Amino acid sequence: MPNGLLKGKRGIIFGALDNKSIAWKVAERCVEEGAVIVLTNAPAAMRFGEINELAKVLNCQVIPADATSTEDLENLLTQSVEILGGKLDFILHSIGMSVNVRKKKEYSDLNYEWMKTTLDVSAISFHKLMQSAMKLDAMNDWGSILALSYIAAQRVFPDYSEMADAKALLESFARSFGYHWAKKARVRVNTISQSPTVTTAGSGVKGFTDFFGYAEKMSPLGNASALACADYCVAMFSDLTRMVTMQNLFHDGGFSSMGMAPELLEE
Ligand SMILES: NC(=O)c1ccc[n+]([C@@H]2O[C@H](COP(=O)([O-])OP(=O)(O)OC[C@H]3O[C@@H](n4cnc5c(N)ncnc54)[C@H](O)[C@@H]3O)[C@@H](O)[C@H]2O)c1
């Protein structure tokens, strides 16, 4: 139910590919809560994604940007401030891609050129985004920047492969840059560590369907849905969470605190 939590706020949402994408739900919920937004995704995603349909429904503009290109990011940020009529209050980084996982390379036999691309797309892009926004002075005071992460940054999930290392770096960037953003403009920076979710990126991980069922049983509240994640993002973009920064916030139905779930032994 809309509560006007983001009334008057302006933001950029990265990563809405199709209606399963977590970013898709976040975009819908932000607009529902009164925000005006710009949608963005990699130029390639424009061709096979459905982002333009979402833009039509939400009455917002789409600006293509490869998140690994500082030139694209600077163009996106400058244009967004112009289109939205002022500096930004929030940004969602919802980007992940592993070349080695896509090409089915095992963790003990990684291709390091591909790994560089994985780290660039999935983690360094977050630093590039924050650095570009700071140089362009594109964020309003007390703004909120979020990226989406996964618990493989702390614990071993073998099939998640090099994405675990990308997420560890992503979370570290949130802490390290969070300090500088807080000092500059009281902007907060956090990562949300989300449950396994059925999306294009999620389903690309080997054994995803079985693992999704395991996590569902291991989490006392069950897996958190994309829509529930969108609600959490709205809360983190709202003025109700202004003192939360440099955190990795688990949004996982309790999974991260569990050791053993009796439900899993009953099978
Ligand atoms: N699905 C899950 O199980 C799950 C769990 C925890 C965290 N996450 C994270 O949530 C985020 C969103 O993923 P999703 O599950 O919604 O899947 P998704 O496939 O819908 O979204 C991934 C997005 O990244 C974009 N992208 C890839 N390369 C890019 C580039 N160079 N520049 C700009 N955008 C680029 C894709 O176009 C796509 O829109 C990712 O960071 C993912 O790791 C997902």
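See the structure printed just above.
Presented here is a report on the structure given in the accompanying data block. For clarity, every value in this text was computed on a predicted model and none was experimentally measured. (Residues numbered from 1 in each chain as written. Predicted model: local features only at pLDDT ≥ 70, side-chain atom pairs only at ≥ 80, totals over all residues.)

**A few points about the overall build of the protein**
Now for step 1: In terms of helices and strands, the protein carries eleven helices and seven strands.
Now for step 2: The principal-axis extents of the C-alpha atoms in the protein amount to approximately 55 × 45 × 40 Å.
Now for step 3: Within the protein, buried positions represent 45% of all 267 residues. (Helix = DSSP H or I, 4+ residues; strand = E, 2+ residues; numbered from the N terminus. Buried ≥ 20, exposed ≤ 12 C-beta atoms within 10 Å, placed from the backbone.)

**A short note on the nonpolar core**
Now for step 1: Ranked by internal contacts, the top residues of the largest apolar core, which has 73 residues, are Ile13, Ala27, Cys30, Ile37 and Cys233.
Now for step 2: Here this core gets eight residues from one element, more than from any other, and that element is helix α7 (residues 163-185).
Now for step 3: Ignoring sequence-local partners within four residues, the contact set of Ile13 consists of Ala23, Val26, Ala27, Cys30, Ile37, Leu39 and Leu92. (Core = buried A, V, L, I, M, F, W, Y, C linked by C-beta atoms within 7 Å. Contact = placed C-beta atoms within 7 Å.)

**Considerations on helix α6 (residues 112-135)**
Now for step 1: Of all the bends in α6, the greatest, near 50 degrees, is centred on Ile124.
Now for step 2: Tucked inside the fold, the buried residues of α6 contact α4 (70-84), β4 (88-93), α5 (99-102), β5 (139-149), α7 and β6 (188-194).
Now for step 3: Residue Asp137 follows α6 closely and has a positive phi angle near 50 degrees. (Bend = angle between axes of the 7 residues up to and from the residue.)

**Some words on the site of the ligand**
Now for step 1: Around the ligand, a shell composed of 27 residues is seen, among which Ser21, Gly96, Thr199, Ala201 and Gly202 lie nearest.
Now for step 2: Looking at the shell around the ligand, the elements that each hand over two or more residues are α1 (22-32), β5 and α8 (200-203).
Now for step 3: Among the elements that make up the shell around the ligand, the one with the highest residue count is α8 (three residues).
Now for step 4: Looking at the shell around the ligand, its residues break down into 14 nonpolar, twelve polar and one charged. (Near = placed C-beta within 6 Å. Nonpolar A, V, L, I, M, F, W, Y, C, P; charged D, E, K, R; others polar.)

**Overview of the pairing of strand β1 (residues 10-14)**
Now for step 1: Most of β1 is tucked away, with five of its five residues classed as buried.
Now for step 2: Judged by which residues are buried, β1 turns out to be covered on both faces: Arg10, Ile12 and Phe14 on one side and Gly11 and Ile13 on the other are all buried.
Now for step 3: Relative to strand β2 (residues 36-40), β1 runs parallel, the two sharing five bridges. Bridging from a neighbouring strand, Gly11 pairs with Ile37 of β2. (Pairing = 2+ DSSP bridges.)

**What about helix α10 (residues 226-237)?**
Now for step 1: In a regular helix each residue adds 1.5 Å, so twelve residues correspond to 16 Å; α10 covers 16 Å between its end C-alpha atoms and thus fits that length.
Now for step 2: Inspection of α10 places Ala226, Cys229, Ala230, Cys233, Val234, Met236 and Phe237 among the buried residues, and these make up the whole buried set. Around the axis of α10, the buried residues are gathered within 165 degrees of arc, so they sit on the same side.
Now for step 3: In this structure, the buried side of α10 is in contact with β1, α1, β4, β5, β6 and β7 (247-251). (Expected span 1.5 Å × (residues − 1). Arc of directions from axis to C-beta.)

**Description of the packing of α1 against α10**
Now for step 1: With their axes 8 Å apart at the nearest point, α1 and α10 run at an angle of 50 degrees to one another. Considering their axes alone, α1 and α10 lie oblique with respect to each other. Like other packed secondary-structure pairs, α1 and α10 cross with a definite hand, here right-handed. Note on element contacts: α10 touches α1 through Ala226, Leu227, Cys229, Ala230, Asp231, Cys233, Val234 and Phe237, opposite Ile22, Lys25, Val26, Arg29 and Cys30.
Now for step 2: Of the residues contributing to the contact of α1 with α10, the split by class is ten nonpolar, no polar and three charged. (Axes fitted to C-alpha atoms, helices over the stretch in contact; angles between N-to-C directions. Parallel < 35°, antiparallel > 145°, perpendicular 65-115°, else oblique. Left-handed = near helix turned anticlockwise from the far one by under 90°.)

**A short note on the environment of Arg175**
Now for step 1: Along the chain, Arg175 turns up in helix α7.
Now for step 2: Note: C-alpha distance between Arg175 and Arg188 (13 residues apart in sequence) is 9.7 Å.

**Considering the sheet that holds β4**
Now for step 1: Strand order in the open sheet formed by seven strands is β3-β2-β1-β4-β5-β6-β7, and the pairing between neighbours is parallel. Bordering the open sheet on either side are β3 (61-62) and β7, each of which pairs with just one other strand.
Now for step 2: Pairing of β4 with β5, which is carried by five bridges, proceeds in the parallel orientation. Directly across from Leu92, in β5, lies its bridge partner Leu146.
Now for step 3: Contacting β1, β2, β4, β5 and β6, α1 runs over the sheet at an angle of about 165 degrees to β1.

**With respect to unusual backbone geometry**
Now for step 1: Phi at Asp137 is positive, roughly 50 degrees, even though this residue is not glycine.
Now for step 2: The residue Asp137 is located in the loop between α6 and β5 in this model.
Now for step 3: For Asp137, a count of 12 C-beta atoms within 10 Å gives the class exposed.
Now for step 4: Positive phi, close to 50 degrees, is recorded for Ser161, a residue that is not glycine.
Now for step 5: Take Ser161: it is sitting in the loop between β5 and α7.
Now for step 6: Taking the C-beta count within 10 Å as the criterion, Ser161 has 23 such neighbours and is therefore assigned buried.

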